[in-house]
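So you can see what is in the structure, the chains are spelled out below.
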Amino acid sequence: MTAAKHQVSRSSGRRTSRRAGIREVAAAAGVSITTVSDALNGKGRLPEVTRRHVRTVADRLGYRPSAAARTLRTGKSGLIGLTVTTYGEEPFTFTEFAYFAEMVRAATSAALARGYALVILPAASQHRDFDVWSNVALDGTVVIDPSDHDPVVSELVRQGIPVVSDGRPGGSLPVTAWVDNDHEAAVTDLLDHLAAAGARRIGLLTGTSTDTYTRLSTTAYLNWCERNGQDPVYEAYPAHDPCAGAVAADRLLARADRPDAVYGLFDPNGTDLLAAARRYGLGVPDDLLIICCSESSVYASTEPPVTTLSLKPGRIGTTVIQLLIDAIESAAGRAPAAAPAPEAVHRVMPTELIVRTSSQRPAARRVPAPAPSATASPSPARPPRRQLQVPGDRVGAVRVTAPRTPPAADQ
């Protein structure tokens, strides 16, 4: 199609597709530019009939306020940043993972519903010849799984930009609010599930990063091993490396003290462990029980279907945006506080264990788990978990909802 088809002659009298500006609205409505601005922004002492007239003309002309003008007028850009800083300068395409993709979708919808746009930003603030962060005016930022003493979070706070963390911040990171799961309870529950299925030596695939998800999950595993008199059997690897997980799974199953069950903290661990089990001639679930933390629907159709722990990223994405926008709008027009900020507001989201074939050993082949050693402290009593059949899932799929942690009071 040629450009000529889109041209409009001056003599035709038809409007071009150029968007009308505030001057055109004022001229068409027969009022001043100031009156248009006041009418569209709910300011001034204008008669209601004038406001309606200006809005009608603006709608007819397709007028949309300039983003730059709105920023100058309100001090807000309407933009919210989102980034994953867990791995620092290391390349990490996080939206390829189901957890992050679902979290970002939910966050985008929640932001748009309140009149904001979400901007995905790189983890590093400086990118060689072009500093992306300094070229985007942000009203606030969501940081996913920040590392301890995260420099990006510290710099954003120094600039006065509110930060909400998806993940409990480590150390003394000065975030405005945070949202996370009860990782200790979730890991303890799934390890108990494996032990009840007959596992006697449970292994772990974990990461080398310092974010709280990795640290708290690993600590929960080590504590469980100590309480149950089991020597820890684990392999740690850099989770941002797409090949390192498969290598770590192979190392874990090649050990002399090879586990008969494994929990993997990251999305690809299920397929990595299935592949490693095949290489070593291990049947799943007969010889090896498997659980991984993942939001991917792929695990419902693997052979066999793999049990997964869901962290409910959709709920988390919605909640972090709501908390961030609340902080942005409550701070609008308010002078900076001289006193230190109070403890961050926080929310704890429930998790869900979706039980499939990979963690259910046939009853006839189960080996009773050994009793805890005399020196091991007993596991604390937990409320019973509710099991629900899952329509449409593969054979043996059951959802186990972890006991909901009572919502923490806002601090």
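Quick note: structure is the one above.
Reading the values: the criteria
Residues numbered from 1 in each chain as written. Predicted model: local features only at pLDDT ≥ 70, side-chain atom pairs only at ≥ 80, totals over all residues. Heavy atoms only, no water. Helix = DSSP H or I, 4+ residues; strand = E, 2+ residues; numbered from the N terminus. Buried < 20%, exposed > 50% of the residue type's maximum accessible area, 1.4 Å probe, protein only. Contact = heavy atoms within 4.5 Å. Areas by Shrake-Rupley, 256 points an atom, 1.4 Å probe, with all protein chains shown as cover. Pairing = 2+ DSSP bridges. Phe/Tyr/Trp six-rings, centres within 6.5 Å; stacked < 30°, edge-to-face > 60°. Axes fitted to C-alpha atoms, helices over the stretch in contact; angles between N-to-C directions. Polar contact = N/O pair within 3.5 Å; in protein donor to acceptor, adjacent residues only side chain to side chain. Salt bridge = Lys/Arg side-chain N within 4 Å of Asp/Glu carboxyl O. Disulfide = S-S within 2.5 Å. Core = buried A, V, L, I, M, F, W, Y, C linked by side-chain atoms within 4.5 Å. Expected span 1.5 Å × (residues − 1). Arc of directions from axis to C-beta. Right-handed = clockwise from strand over helix to strand, strands pointing away.

Visitor: So what exactly am I meant to see when it comes to the overall build of the chain here?
Guide: Helices and strands together make up the secondary structure of the chain, namely 11 helices and 14 strands. Residues classed as buried in the chain amount to 45% of the 411 residues present. Here the analysis covers contacts within the chain between residues at least 6 apart in sequence; of these, 69% occur between residues at least 24 apart. Counting only carbon and sulfur atoms, one obtains 53% of the accessible surface of the chain, whose full area is about 21100 Å².

Visitor: What's the story with the pairing of strand β1 (residues 79-84) in this structure? I'm lost.
Guide: As a general feature of sheets, a regular strand has side chains that alternate between the two faces. β1 sits mainly inside the fold: 5 of its 6 residues count as buried. The pairing of β1 with strand β3 (residues 140-144) spans 5 bridges and is parallel. Its bridge partner lying in β3, I80 is registered against G140.

Visitor: Is there a simple way to think about the packing of aromatic side chains in this case?
Guide: One pair of aromatic rings is described through two measures. These are the centre distance and the angle between the planes. In total, this model carries 4 aromatic pairs according to the counting rule given. Note on Y99 and F100: the rings are 5.4 Å apart at their centroids and 85° apart in plane angle, and the pair reads as edge-to-face. There is no split in this pair, since Y99 and F100 are both buried. Linked through ring pairs, F97, Y99 and F100 together constitute an aromatic cluster.

Visitor: Quick question: what am I supposed to make of the sheet that holds β1 here?
Guide: Sheets are built from strands paired through backbone hydrogen bonds, the pairs being either parallel or antiparallel. The parallel open sheet is built from 6 strands, whose spatial order is β2-β1-β3-β4-β5-β11. The open sheet terminates on both sides in strands that have one partner only, identified here as β2 (117-120) and β11 (345-349). With strand direction ignored, the average angle separating the axes of adjacent strands in the sheet is 20°. Direction of pairing for strand β5 (residues 177-181) relative to β11: parallel, over a ladder of 5 bridges. Paired with D180 across the strands is V348, a residue of β11.

Visitor: What's the story with the side chain of N269 in this structure? I'm lost.
Guide: Along the chain, the position of N269 falls in helix α10 (residues 269-279). There is a polar contact of 2.8 Å between the side chain of N269 and the side chain of Y237. With residues up to four places along the chain from it excluded, the contact list for N269 reads L205, Y237, G264, C292 and Y299.

Visitor: It is not clear to me how unusual backbone geometry should be interpreted in this structure. Could you clarify?
Guide: Peptide bonds are trans in most cases, and residues, glycine excluded, mostly fall at negative phi. In the segment running from V284 into P285, the intervening peptide bond is cis, with an omega of 15°. A cis geometry characterises the amide bond from E303 onward to P304, with omega recorded as 0°. Here P304 lies in the loop between β9 (289-293) and β10 (307-310). Phi is positive for D145, close to 50°, though the residue is something other than glycine. Looking at D145, the relative accessible area reads 15%, which means it is buried. Even without a glycine there, the phi angle at K312 is positive, about 60°. Relative to the helices and strands, K312 is located in the loop between β10 and α11 (313-331).

Visitor: Where do I start with the pattern of salt bridges in this structure?
Guide: Pairing is possible between side chains of opposite charge, provided their charged atoms come close. A complete count under the given rule lists 9 salt bridges for this structure. Ionic pairing is found between D250 and R279, a salt bridge with its closest N-O pair at 3.1 Å. Placement of the pair is D250 in helix α9 (residues 244-254) and R279 in helix α10, with a sequence separation of 29 residues. A salt bridge links K312 to E352, with the nearest nitrogen and oxygen atoms 2.7 Å apart.

Visitor: Please explain the state of the cysteines as it appears in this structure.
Guide: Among covalent bonds in proteins, the disulfide is the one between the sulfur atoms of two cysteines. All chains considered together, the criterion is met by 0 disulfides. Of all cysteine sulfurs in the structure, the one in C292 sits closest to C293, which takes part in no disulfide; the separation is 7.4 Å.

Visitor: Please clarify how the environment of R23 should be interpreted in this entry.
Guide: Topologically, R23 is positioned in helix α1 (residues 22-29). Residue classification places R23 among the exposed residues on the basis of a relative accessible area of 62%.

Visitor: Sorry if this is basic, but what is going on with the nonpolar core here?
Guide: Generally speaking, soluble globular proteins have nonpolar side chains that are buried together. Membership of the largest hydrophobic core comes to 72 residues, with the highest contact counts inside it found for I80, L82, Y263, L309, V320 and I321. Setting aside residues up to four positions removed in sequence, I80 forms contacts with Y116, A117, L118, V119, L138, G140, I321, L324, I325 and I328.

Visitor: Which parts of the structure should I look at to understand helix α3 (residues 48-61)?
Guide: Helical geometry: 3.6 residues make up each α-helical turn, so side chains three or four residues apart lie on a common side. If you check α3, its first and last C-alpha atoms are 20 Å apart, about what 14 residues at 1.5 Å a residue would give, namely 20 Å. Looking only at α3, the buried set comprises R51, V54, V57, A58 and L61. Down the axis of α3, the sector holding all buried residues measures 135°, keeping them to one side. Looking at α3, the residues exposed on the side facing more than 90 degrees away from the buried face are V49, T56, D59 and R60. Against the buried residues of α3 lie α1 and α2 (33-41). Of the residues one or two after α3, G62 is the one with positive phi, at around 75°.

Visitor: What is the right way to read the pairing of β9 from this model?
Guide: With 5 of 5 residues buried, β9 is to be regarded as a mostly interior element. Taking every second residue as pointing to the same face, both faces of β9 are buried, with L289, I291 and C293 on one and I290 and C292 on the other. Pairing of strand β8 (residues 261-264) with β9, which is carried by 4 bridges, proceeds in the parallel orientation. Within β9, the residue paired with G264 across the bridge is C292. Each parallel crossover has a hand, and the one from β8 via α10 to β9 is right-handed. Alignment of β9 against β10, held across 3 bridges, turns out to be parallel. Paired with I291 across the strands is T307, a residue of β10.

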